[in-house]
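# Structural description and commentary
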Amino acid sequence: EQMFDIMDKNRNITEYHRLFSLISIDVFKEGVHRKGHTTQQQNKIINHVLLQDESEAHSYQAHYLFFICLSTYNYMWKKDFQKAHYYALHLVELIEANPHQVKEVPYQYAFALNLLITCQISLKNYKATVSIIKLKAIKTKYKYLEELLFYAVNNQELNMYIDYGQFEDGLQVIDEILNKL
């Protein structure tokens, strides 16, 4: 019975990966929708039974993908930043409730925080500064991830200052970036 449970969880994760891949491919293929409309193919993806109810996610990884799918869908296709934020926040909370995941797969935590920050900036939510601090605090032994984090943190921080009209603070960040390069 345990073997069947493991097989079921693996199938569940694989299907969530497939759905996220379809969403991602469509974003790359069609670009970001500026008007918040969806195509027939996008509606077919988002109406999939696994994306209708969180209880369909049978493992931590499936939950992770469930929240990413819905946050990405709402941000990129529907332009519903409030819903995108809701799912991105739940994604970060899921990871933070499982601290070993932050250590074992820091790129997933970085991805989730980056998604949350993007939503927060779009909503002019000043909690973006707290999320940026969390993103800055991620430690990794992988040089490539360290470079991605450097880019993500600085990009998000500059976007935040521009969006919030805090240009002087943005200029200070530019000086810090130049010193680190």
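Everything in this summary refers to the structure shown in the same document. (Residues numbered from 1 in each chain as written. Predicted model: local features only at pLDDT ≥ 70, side-chain atom pairs only at ≥ 80, totals over all residues. Heavy atoms only, no water.)

## Re the overall build of the chain
Along the backbone of the chain there are 9 helices and 0 strands. Against the 2.2 N^0.38 benchmark of 16 Å for 181 residues, the chain shows a C-alpha radius of gyration of 18 Å, consistent with a compact globule. C-alpha atoms of the chain, sized along the principal axes, occupy 60 × 40 × 25 Å. Counting over 181 residues, the chain shows a buried share of 43%. Pairs at least 24 apart in sequence give 63% of the contacts found in the chain among residues at least 6 apart. Accessible area for the chain stands at about 10,900 Å²; split by element, carbon and sulfur atoms hold 56% of it. (Helix = DSSP H or I, 4+ residues; strand = E, 2+ residues; numbered from the N terminus. Rg over C-alpha atoms; globule rule 2.2 N^0.38 Å. Buried < 20%, exposed > 50% of the residue type's maximum accessible area, 1.4 Å probe, protein only. Contact = heavy atoms within 4.5 Å. Areas by Shrake-Rupley, 256 points an atom, 1.4 Å probe, with all protein chains shown as cover.)

## Focus: the environment of methionine 7
Relative to the assigned elements, methionine 7 resides in helix α1 (residues 2–30). Separated by 14 residues in the primary sequence, methionine 7 and serine 21 place their C-alpha atoms 21 Å from one another.

## Some remarks on unusual backbone geometry
A positive phi angle, near 60°, is found at lysine 79, a position not held by glycine. The class of lysine 79 is partly exposed, set by a relative accessible area of 22%. Of note in this structure, lysine 124 is not a glycine but carries a positive phi near 55°. You can see lysine 124 is positioned in the loop between α6 (106–122) and α7 (128–137). Judged by its relative accessible area of 44%, lysine 124 falls in the partly exposed class.

## Here's the deal with the side chain of asparagine 12
Here asparagine 12 shows up in helix α1. Once you skip the residues sitting within four places of it in the chain, asparagine 12 turns out to touch Leu50, Glu56, Ala57, His58 and Ala62.

## Examining the nonpolar core
Core analysis: the biggest nonpolar cluster contains 52 residues, and Tyr16, Leu51, Tyr64, Phe66, Leu91 and Leu135 have the highest contact counts within it. For this core, the secondary structure elements donating two or more residues are α1, α2 (40–46), α3 (60–77), α4 (81–96), α6, α7, α8 (143–163) and α9 (167–180). Counting residues per element, this core draws most heavily on α3, which supplies 12 residues. Excluding residues within four positions of it along the chain, leucine 135 makes contact with Ala110, Leu113, Asn114, Ile117, Leu149, Ala152 and Val153. (Core = buried A, V, L, I, M, F, W, Y, C linked by side-chain atoms within 4.5 Å.)

## Description of α7
Taken together, the buried positions of α7 are Ala128, Ser131, Ile132 and Leu135. For α7, the buried positions fall inside an angular range of 100° around the axis, keeping them on one side. At its buried positions, α7 is contacted by α6 and α8. (Arc of directions from axis to C-beta.)

## What to know about the packing of aromatic side chains
Tallying each qualifying case throughout the model produces 7 aromatic pairs. Note on phenylalanine 20 and phenylalanine 111: the rings are 6.5 Å apart at their centroids and 85° apart in plane angle, and the pair reads as edge-to-face. Of the two residues, phenylalanine 20 is situated in helix α1 and phenylalanine 111 in helix α6; the sequence distance between them amounts to 91 residues. Between the aromatic rings of tyrosine 75 and phenylalanine 81, the centroid separation amounts to 4.8 Å while the plane-to-plane angle is 40°, which identifies the pairing as tilted. Put simply, the rings of Tyr16, Phe66, Phe67, Tyr86 and Tyr87 pair up and form one aromatic cluster. (Phe/Tyr/Trp six-rings, centres within 6.5 Å; stacked < 30°, edge-to-face > 60°.)

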